[in-house]
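# Structure at a glance
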Number of protein chains: 2
Amino acid sequence: MSVTSAAGPSSSTVANIKEKARRLRILSMMSTTAAGSGHPTSCMSAADLMAGLFFYAMKFDPKNPNSPDGDRFVLSKGHAAPVLYSALAEAGVFPDSRVMTLREVSSELEGHPTPLIPGVDAATGSLGQGVSVGAGLAIGARLANSPTRVYVLTGDGELAEGQIWEATAFAGHYKLDNLTVLADINALGQSEPTMYEHQMDVYRRKFEAQGFATEVIDGHDVPTVLAALDRAKATKGQPQAIIARTEKGHGFSQVAGKQGWHGKAFSKDQLAAAIKELGGGLDVPPDPGKSYARTSLPKRADFPAPAAPDYAAGKEVATREAYGNALKRIGAVNPRLVVLSGDVDNSTFSEIFAKAYPDRFFQGYIAEQNMVSVAVGLAARGVTAFADTFACFLSRAVDEVRMAAISRSNLSLCGSHCGVSIGEDGPSQMALEDLAIFRAVSGSVVLYPSDAVSAERLTEYSARRDGITYLRTSRPKTPVLYSNDEKFPVPGFKVLRQSAQDRVTVIGAGITLHEALKAADQLKSKGTPIRVIDLYCVKPIDGKALAEQVQATAGKLVVVEDHWPEGGVGEAVLSALAQTGSAPAKYRHLAVGHMPHSGKPEELLDIFGISARHVVDAVTALA
Amino acid sequence: MSVTSAAGPSSSTVANIKEKARRLRILSMMSTTAAGSGHPTSCMSAADLMAGLFFYAMKFDPKNPNSPDGDRFVLSKGHAAPVLYSALAEAGVFPDSRVMTLREVSSELEGHPTPLIPGVDAATGSLGQGVSVGAGLAIGARLANSPTRVYVLTGDGELAEGQIWEATAFAGHYKLDNLTVLADINALGQSEPTMYEHQMDVYRRKFEAQGFATEVIDGHDVPTVLAALDRAKATKGQPQAIIARTEKGHGFSQVAGKQGWHGKAFSKDQLAAAIKELGGGLDVPPDPGKSYARTSLPKRADFPAPAAPDYAAGKEVATREAYGNALKRIGAVNPRLVVLSGDVDNSTFSEIFAKAYPDRFFQGYIAEQNMVSVAVGLAARGVTAFADTFACFLSRAVDEVRMAAISRSNLSLCGSHCGVSIGEDGPSQMALEDLAIFRAVSGSVVLYPSDAVSAERLTEYSARRDGITYLRTSRPKTPVLYSNDEKFPVPGFKVLRQSAQDRVTVIGAGITLHEALKAADQLKSKGTPIRVIDLYCVKPIDGKALAEQVQATAGKLVVVEDHWPEGGVGEAVLSALAQTGSAPAKYRHLAVGHMPHSGKPEELLDIFGISARHVVDAVTALA
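The structure contained in this document is the topic of the report that follows. In this text, all values refer to a predicted model and were calculated from it rather than measured experimentally.

### Some words on the overall build of chain A
Counting its secondary structure elements, chain A contains 21 helices and 19 strands. For chain A, the C-alpha radius of gyration of 27 Å lies close to 25 Å, the compact-globule estimate for 623 residues. By principal-axis analysis of the C-alpha atoms, chain A measures approximately 90 × 50 × 45 Å. Here chain A, with 623 residues, has 70% of them falling under the buried criterion. Taking the intrachain contacts of chain A between residues at least 6 apart in sequence as the baseline, contacts between residues at least 24 apart amount to 79%. Here chain A has roughly 18300 Å² of accessible surface; of this, 50% comes from carbon and sulfur atoms. Taken as two groups, the 63 positive and 66 negative side-chain charges of chain A have centres that lie 3 Å from each other.

### Things to note about unusual backbone geometry
Residues and elements named next belong to chain A. Here the amide bond leading from Val490 into Pro491 is cis, since omega sits at -5 degrees, within 30 degrees of zero. Mapping Pro491 onto the fold places it in the loop between β13 (477-479) and β14 (494-497). The amide bond that connects Lys539 to the next residue, Pro540, takes the cis arrangement and shows omega of -5 degrees. With respect to the helices and strands, Pro540 occurs in the loop between β17 (537-539) and α18 (543-552). Here the phi dihedral of Lys175 falls at roughly 50 degrees; this positive angle occurs in a residue that is not glycine. Structurally, the position occupied by Lys175 is in the loop between α6 (162-173) and β3 (179-185).

### What about the relation of the copies chain A and chain B?
Note on the identical chains: chain A maps onto chain B by a rotation of 180 degrees and an axial translation of 0.0 Å, with an RMSD of 0.0 Å. The transformation just described matches what one would write down for a two-fold rotation axis. Across chain A, the smallest distance between a C-alpha and the rotation axis is recorded for Gly162 of chain A, namely 1.8 Å. When the interface residues of chain A are mapped onto chain B, 99% of them again fall at the interface, so both copies present the same face.

### A closer look at the nonpolar core
If you look at the biggest cluster of nonpolar residues, it comprises 254 residues, and the most contacted ones within it are Val573 of chain A together with Val573 of chain B. Beyond its immediate sequence surroundings of up to four residues, Val573 of chain B is in contact with Ile507, Leu535, Ile541, Leu546, Leu557 and Val559 of chain B. Judged by nonpolar contacts, the second largest core, of 60 residues, contains Ala46, Val120, Val225 and Ala232 of chain A.

### Points about the sheet that holds strand β18 (residues 556-560) of chain A
Residues and elements named next belong to chain A. A sheet is described by the order of its strands in space; here five strands give the open sequence β14-β16-β15-β18-β19, paired in mixed fashion. Two strands lie at the open edges of the sheet, namely β14 and β19 (586-590), each paired on one side alone. The mean angle between the axes of side-by-side strands here comes to 25 degrees, regardless of whether they run parallel or antiparallel. In the sheet, strand β15 (residues 504-508) pairs with strand β16 (residues 530-534) via five bridges, with the strands oriented parallel. The residue bridging Val506 from the neighbouring strand is Val532, located in β16. Sheet strands in contact with α18 are β14, β15, β16 and β18, and its direction is about 160 degrees off that of β16.

### Digging into the interface of chain A and chain B
Each partner contributes to the interface: chain A provides 97 residues, whereas chain B provides 96 residues. One can count twelve salt bridges joining chain A with chain B. Here Arg439 of chain A ties to Glu571 of chain B by a salt bridge, and the two come within 2.6 Å at their closest N and O atoms. Scanning the region where chain A abuts chain B turns up 64 residue pairs in polar contact (both at pLDDT 80 or more). The class makeup of the residues in the side of chain A that touches chain B is 35 nonpolar, 36 polar and 26 charged.

### A look at helix α17 (residues 511-525) of chain B
Residue and element names in this part refer to chain B. Counted at 1.5 Å a residue, the expected span for α17 with its 15 residues is 21 Å, and the 22 Å between its end C-alpha atoms agrees. Of all the positions in α17, only Ile511, Thr512, Leu513, His514, Glu515, Ala516, Leu517, Ala519, Ala520 and Leu523 are classed as buried. In the segment just after α17, Gly527 is the residue with positive phi, at about 85 degrees.

### Quick look at the packing of α6 of chain A against helix α6 (residues 162-173) of chain B
Between α6 of chain A and α6 of chain B, the shortest axis-to-axis distance is 7 Å and the interhelical angle comes to 125 degrees. In terms of axis orientation, α6 of chain A runs oblique to α6 of chain B. Where α6 of chain A crosses over α6 of chain B, the handedness of that crossing is right-handed. Contacts from Gly162, Gln163, Trp165 and Glu166 of chain A of α6 of chain A reach α6 of chain B at Gly162, Gln163, Trp165 and Glu166 of chain B. Across the contact of α6 of chain A with α6 of chain B, the residue classes break down as two nonpolar, four polar and two charged.

### Remarks on the environment of Ser191 of chain A
Looking at where Ser191 of chain A falls in the secondary structure, it is placed in the loop between β3 and α7 (200-209). For Ser191 of chain A, a relative accessible area of 18% corresponds to the buried category. Taking the C-alpha atoms as reference points, Ser191 of chain A and Ile352 of chain A, 161 residues apart in sequence, are found 48 Å from one another. In this structure, Ser191 of chain A is in contact with Gln259 of chain A together with Asp343, Val344, Asp345, Asn346 and Gln363 of chain B, ignoring residues within four places of it in sequence. There is a polar contact of 2.5 Å between the side chain of Ser191 of chain A and the side chain of Asp343 of chain B. A distance of 3.1 Å separates a polar atom in the side chain of Ser191 of chain A from a polar atom in the side chain of Gln363 of chain B.

### Here's the deal with the pairing of strand β7 (residues 337-341) of chain A
All names here are of chain A. Among the five residues of β7, five are classified as buried, and the element is accordingly described as predominantly covered. Going residue by residue along β7, you find Leu337, Val339 and Ser341 tucked away on one face and Val338 and Leu340 tucked away on the opposite face as well. The pairing of β7 with strand β9 (residues 384-390) spans five bridges and is parallel. Pairing of Ser341 across the sheet is with Asp388, part of β9. Relative to strand β8 (residues 361-363), β7 is paired through three bridges, and the arrangement is parallel. Along β8, the bridge assignment pairs Leu340 with Phe362.

### Focus: the side chain of Asp434 of chain A
Residue and element names in this part refer to chain A. Its place among the elements puts Asp434 in helix α15 (residues 434-439). At a separation of 2.6 Å, a polar atom in the side chain of Asp434 contacts the side chain of Tyr470. Of the polar contacts made by the side chain of Asp434, one reaches the side chain of Arg472; its length is 2.8 Å. Here Asp434 is in contact with Ala391, Cys418, Tyr470, Arg472 and His563, once residues within four sequence places are set aside.

### A look at the packing of aromatic side chains
Inspection of the entire model under this criterion finds 34 aromatic pairs over all chains. For the pair Phe54 of chain A and Phe73 of chain A, a centre-to-centre distance of 5.3 Å together with 70 degrees between the ring planes defines the contact as edge-to-face. Of this pair, Phe54 of chain A sits in helix α2 (residues 40-57) while Phe73 of chain A is found in strand β1 (residues 72-75), placing the two residues 19 residues apart along the sequence. By relative accessible area, Phe54 of chain A is classed as buried at 6%. Residues Phe390 of chain B and Phe393 of chain B carry aromatic rings whose centres are separated by 5.6 Å and whose planes lie at 10 degrees to one another, so their mutual orientation is stacked. Judged by its relative accessible area of 10%, Phe393 of chain B is buried. Ring pairing ties together the aromatic residues Phe54, Phe55, Phe60 and Phe73 of chain A, which thus form one cluster. Sitting over the ring of Tyr448 of chain B, Arg472 of chain B keeps its end group 4.8 Å from the ring centre.

The rules behind these values
Residues numbered from 1 in each chain as written. Chains lettered and ligands numbered in written order. Predicted model: local features only at pLDDT ≥ 70, side-chain atom pairs only at ≥ 80, totals over all residues. Heavy atoms only, no water. Helix = DSSP H or I, 4+ residues; strand = E, 2+ residues; numbered from the N terminus. Rg over C-alpha atoms; globule rule 2.2 N^0.38 Å. Buried < 20%, exposed > 50% of the residue type's maximum accessible area, 1.4 Å probe, protein only. Contact = heavy atoms within 4.5 Å. Areas by Shrake-Rupley, 256 points an atom, 1.4 Å probe, with all protein chains shown as cover. Lys, Arg positive; Asp, Glu negative; His and termini not counted. Charge placed at Lys NZ, Arg CZ, Asp CG, Glu CD. Least-squares fit on C-alpha atoms with pLDDT ≥ 70 in both. Core = buried A, V, L, I, M, F, W, Y, C linked by side-chain atoms within 4.5 Å. Pairing = 2+ DSSP bridges. Axes fitted to C-alpha atoms, helices over the stretch in contact; angles between N-to-C directions. Salt bridge = Lys/Arg side-chain N within 4 Å of Asp/Glu carboxyl O. Polar contact = N/O pair within 3.5 Å; in protein donor to acceptor, adjacent residues only side chain to side chain. Nonpolar A, V, L, I, M, F, W, Y, C, P; charged D, E, K, R; others polar. Expected span 1.5 Å × (residues − 1). Parallel < 35°, antiparallel > 145°, perpendicular 65-115°, else oblique. Left-handed = near helix turned anticlockwise from the far one by under 90°. Phe/Tyr/Trp six-rings, centres within 6.5 Å; stacked < 30°, edge-to-face > 60°. Lys NZ or Arg CZ within 6 Å of the ring centre and 35° of its normal.

Purely geometric stuff here, so don't read any function into it on its own.
Here is the structure:
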């Protein structure tokens, strides 16, 4: 092990930081013992680093802890939440007593951090995401010409997560010199020692290879910690890593450096012994019960109406291309719009935006997890962030989207190339589960346009909406169905074919809507008129309005979708109907029922049972 | 750039490999031009490496290309499929003419490789997964004392994927010296140059930091390639990386090293020019149309009945602990069982297995993507692979599970700590979308036990089943409901409370089943008997049998689940009923409707609307 040491700042400063670190350790232990659960030993390895950050390095205003010009802190090792809460308390954001409400149902101080807590920008607790969020915050600061510096504290267990190496490569590539990563290398994971234990030089080499200015320090030697923070702040042109050798449970000899103490609160007797060893306790009065939860979270900026879509009716345009056109139109009127792509912007068509606004486009390369979490970091600074890739590859970032929802993040995602209609590339490139995934995101809106006009209008909707919005686009070119001034409310659907004689309602979206329309023409000529619905908004659904349509065809319903049978349009419709006390009297569900194959799009639509021919058959069976 | 050169083998060998490389380039171009799509330039950068592998380094029997003692090859950059198919053809697995059926719907040679193709072990095409699969194959070979060596070819674009760095760290940690990674560094991604272009030393440092014996070579100099392959084979004690500087489209000067040629087949005129430049074409006759698709894929080994569960009725045991007990019991009778965990085996309880059979337990550390793909590699060697972590963290590996399904892999996954019932740790640790995710996996079975006996029996079911099986376990201890000899068929459910007077059917699973049982007791005492169903198998569901139960209570149905409303038990039930032409007459769905919070499990069940009290209210509203 190679340890950098340095003279460091004045002895009174050092003494002050040491006392703060002592208090952070004690508060972390007291609060977890009071809660009966939590991770005190993970807090204790980080306490000196945290004290150095909050009481020496960071520009932090406890009266405005989420100030856009203040420095930001991301606790990537979210299970060490009590040490963060203790630091916020000691900094004056809330009283020490508030920390003692840890994990109570009535407290904003949850088991892992969320942005409802002042000073927190994104939820953590799923490991390995914090550096990406920090990179997003750092880019956001750069775009805003803000002096903000971003600090991220990681554990060592989480350095096994690949996303860490996506994020550090990204930060190195974009030379984010306003980003400092502190790695708390305590050598013990949850179940056993970490892969590299205290092989500090392995970590050093890894971070250096990512383009980080890297130093290895003793993470419990306060002067060394402060000097390293000073050097990091002075570094220009590259992000910095401070790799700190630490001890899990440092400060309490009964547990320090020992296995078997992950995620265990101390007994009252142990707590008393620990406090004695640390030189005596804090006098924390009962908490008065006042909540410090943030009442206002970042919202997206409003923007004037962009130029309207401009498509001739019947012209063949892919919805993915319309998405790209919309981004460019919105970019012209919304300077806060920033777009990321996963090295497929020439397929998702965000390259149209990238060419028009290169300063607001960030290449995410083939690293979807990082891309999504960077967008969460950008959103926390009020940026209107979009991220896109093939829809199937967004399945790489489901955990990051889940955490984005817990972060109450405003995030627009677009997945292109859905379903078997992509054709020859085969199943590895086909998204057949994306609707199931994105419907099961708290508070999400799921949009699935069938033509260029709706794709543009729904992209604009996505850019205006707070929360997580998913837009599913298709690869093939499809005819323009709507006039350029058509509105697409959310929730909502369009009835594209209807008559008083309709025998069956057919719901489609995307490519299958066009199959349903072909089927309607064939059926009409055979004397079986059907109602055809474009369910461009898959979540939420106005179940009552939809039930009226289905009832108009005596409850006979066919749903046809380019998705697995589970969790997609069909189940969304059944669920929406059931919530209104309704149900189809007769029902056929056409979806992709078994593993697809390479082939021509039209061949695959037919083989996998979702072409016009199959719609005709299903209608005929019901009518 | 630092390039290693070497004397290399005889000139006739070199000439033979060069000719093979030339033929691979030509076949790759011909087949993509015939298909009208595909990635010829990505094949051409890799052709010399591929020729060196298949015709010099690898022990490969074209008559038995998936032989357990042969060497294995994984094309991590799956879009270069044509060069793999060309190599298989030139090796004699099928005739050259078969390559010309590339991407046709009737051909096994799909746009990206799948294990239906002889010599392929796992599907690729979602980038960054091949090294993990290769590591699984290498561990499988080691466990079987097989001389197999595993070769993985990656692109450089995909080296941005974090999973690559999870996998290489894992391979380095386990000192997999039977694994060689070849990185085809052609410097061009899909939409723009890669992050590091031809900075070969960056890649060298990255691989070295992971514990790889690493060398940088000129990937088009055949003697150098062969010498590097020789050195890799001779390396003991660590995996090897051959970092090859290459040129995209190498061999055809119109496109070589130029942007804008990713994923584009050449025109016929271009093809002719390219073939001329390469020294003349191949004479490929028309393909006779014979399929070479594998007819037999790896199956799990059968095993004798393990010791029966041994729980006293009413005893409180967490289903997660029963899973661990079952693994140990199965491990005693099935020597092919191998278990991985994501550094949470003391929470998922696979540590019970790990302690009993340490040689068959592999710590996956906190790297879920790699863990799942390693299991796919193990399964390809006939290992009965289980992988577990908190259910919420399996959302990190959705793409890997998706690819496992395309791989026709036999894979048992277990996710613990589902739902709000985990309590104080808060939403980042709660899986509320896992049923939606795993239901939307092709051919999956989704199991959700409510007591220890069913958890053990369903774990055994999972170990016997081919395909992907997901087991959802819960954190809290719950009473044993079933006798130790109870059977749990798939599909299936148990009716735990019933009478001829039942007013409403209530379906629960896991923790909510116990809430439903409490509600039934309360309601019975109030004169409202209900039917209570344990839906231990969420996919598939026998809709007809379930409909009979619901009809017995006049179609009145309550579903209660610890999951988001979307894609879980409720929608699975509605969908199963609808497929049989049935629907509930009156329906209430109790699920977690908004973002949860830290708190005590019982508090959260109540606040989020899925406790016994809410079941009573819902039943009362319907009855």
